[in-house]
Amino acid sequence: METRDALPHLFLDFMQMQEFVKDPLVFVGGEGIRLTDSTGKQYIDGLSGVFVTSLGHGNLPVIEAMIAQAQQLAFAPPLHSTTPPALKLTEILLRIAPEGVGAVKLMSGGSEATEAAMKLTRQYHQQTGHPRKYKIIGRYGGYHGGTMGALSAGGGRDRKSPYEPLGVGFLHVHPPYCYRCPFDQTYPTCGRTCVGLIEKTIQMEDPETVAAVIVEPISISSAGFMVPPPDYLRLLREVCTRHNVVLIYDEIITGFGRLGEMFASEYYHAAPDITCCGKGMSGGYAPLSAILIRDRIADAFYGEAGEQRQFHHGHTYGGNPVACAAGVAALTQLIERDLIGNARRQGAHLRERLEGLAARYSIIGDVRGAGMLQGVEFVADRRTKARFDPGVRPGKVVERACRERGLLLRCGDEFAAFAPPLVSTVRDIDEMCDILGESIGVAEAVLA
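Residues numbered from 1 in each chain as written. Predicted model: local features only at pLDDT ≥ 70, side-chain atom pairs only at ≥ 80, totals over all residues. Heavy atoms only, no water.

> Mind showing me how you'd approach helix 4 (residues 84-96) here?
Note that an α-helix has 3.6 residues per turn; residues three or four places apart therefore point the same way. With 13 residues, helix 4 should cover 18 Å at 1.5 Å per step; its first-to-last C-alpha distance of 19 Å lies within 8% of that length. Buried residues of helix 4: Pro85, Ala86, Leu89, Ile92, Leu93 and Ile96, and no others. Taken end-on, helix 4 shows its buried residues confined to a sector of 125 degrees, consistent with a single buried face. Opposite the buried face of helix 4, at more than 90 degrees from it, the exposed residues are Pro84, Leu87 and Arg95. (Helix = DSSP H or I, 4+ residues; strand = E, 2+ residues; numbered from the N terminus. Expected span 1.5 Å × (residues − 1). Buried < 20%, exposed > 50% of the residue type's maximum accessible area, 1.4 Å probe, protein only. Arc of directions from axis to C-beta.)

Okay, structure coming up:
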């Protein structure tokens, strides 16, 4: 079998392979913020792979650190030991973590991290005298990973419905979506019903049965692109504290500089009890994730051997030395090269360019985001915020036009969003926005 003949037999993520093989995209190389496909065509990676390649492609310091570690020790038995790279990575994470973090658990991917956070929460309540606390509150539209527990906490209908029934004890509330408030209110004169509903849900379910609330500070998935009002997370923090509910931030996407701060908890000035992080943690050079655990939670897991208070959880590649070496090299560059400052500056320029496009193209109804995670929502009528008819999918029309012009970005049916590498320059941002503008112009003509 020729390599290309294998395409129909490979299941890609969320991809209808019968359609994919008609116009396949096979990447063979990458340099900086650009990718090269098997035909030699280049694309700007406006999505950092999938919010991962913060340092761009071909980063020699990370590659060399991985090679050196692989030559010295590629794997160590996780049931018996740890390694110097894992310890070094832990030291860095504790130094840059949100306030109050005193423990770290290393893993391989985002789904592992969110699953571990929810399991840790349930065990925490068991070990602190609240064994009935087991329910997890998530939000509609959220996405916390593809494994069954993570999927149960998520709120995207299309991702969940093929696998129902899912886990027991998972509840969902409406997310903050100020542009189309599900409660028909307007920020800032609203009553923050999006937060109040979470507290009412905790009260109605009985606070002694609710273990945790899990949220993405900014949510971007197939179910939409939602940015909360500035005080949402601070108010949610107060609700969780009142009811002894663990607050989990899924910062798999928003962590490590994406919003122009190390973590979204700094951007929104509200610290969680557990931070799930990954993606940009290794710059995309190795599978790597972690949960950062606040002291008051971690303290419940220390004891004598016979007490069995340790976290009963693990993965084969958790704390893998090669992955940790990549993480140390990536985070060191993130700090020493001031890439978070660059994300803040380029994010401001990106917002300015997107608002300029909104002034030009009537199908842009809203511009939102933070730092290097910014996007637009498409509407049929800007005045009324009317959506396009079902099946029109303007975001997908724009996505196709961008791909034809050499730009990859994140598009849902009704939005388009950028999450470019944190090493991007003003010139890079301008080139991306120029292509997006041209593609929206094409879409307007097609949709008209």
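> Looking at this structure, how should I read the sheet that holds strand 15 (residues 407-408)?
Within the open sheet, the 4 strands sit side by side as 1-2-3-15. Their pairing is mixed. The sheet terminates laterally at strand 1 (27-31) and strand 15, the two strands that pair on one side only. Pairing of strand 3 (residues 42-45) with strand 15, which is carried by 2 bridges, proceeds in the parallel orientation. Residue pairing for strand 15: Asp45 is matched across the bridge by Leu408. (Pairing = 2+ DSSP bridges.)

> It is not clear to me how the pairing of strand 13 (residues 364-370) should be interpreted in this structure. Could you clarify?
The two faces of a sheet get side chains in turn, since along a regular strand they alternate between them. Among the 7 residues in strand 13, 6 count as buried, and that is most of the element. Across 6 bridges, the pairing between strand 13 and strand 14 (residues 373-378) is antiparallel. By the bridge assignment for strand 14, Asp366 is matched with Glu377. Here strand 13 folds back onto strand 14, and the loop between the two strands holds 2 residues, one of which, Gly371, carries a positive phi near 55 degrees.

> When you look at the nonpolar core in this model, what are you seeing that I'm missing?
Soluble globular proteins tend to bury their nonpolar side chains together. Core analysis: the largest hydrophobic core is formed by 62 residues, its most contacted members being Leu93 and Phe256. The greatest single-element share of this core, amounting to 9 residues, is contributed by helix 12 (residues 321-336). What Leu93 contacts, discounting residues up to four positions off in sequence, is Val104, Leu106, Phe256, Met281, Ala290, Leu292 and Leu331. Counting residues in each nonpolar core, the second largest holds 35 residues, with Val173, Val195, Ile218 and Leu247 among its members. (Core = buried A, V, L, I, M, F, W, Y, C linked by side-chain atoms within 4.5 Å. Contact = heavy atoms within 4.5 Å.)

> Please explain the pattern of salt bridges as it appears in this structure.
A side chain with one charge may pair with a side chain of the opposite charge, provided their charged atoms come close. Per the stated rule, a full pass over the model turns up 30 salt bridges. Note that Asp231 is salt-bridged to Arg192, the shortest N-O span being 2.9 Å. Here Asp231, found in the loop between strand 9 (224-226) and helix 9 (232-242), pairs with Arg192, found in the loop between strand 6 (170-173) and helix 8 (193-205); they are 39 residues apart in sequence, far enough to count as distant. Across the pair, Arg192 and Asp231 agree in class, each one buried. (Salt bridge = Lys/Arg side-chain N within 4 Å of Asp/Glu carboxyl O.)

So yeah, pure geometry; function would need other evidence.
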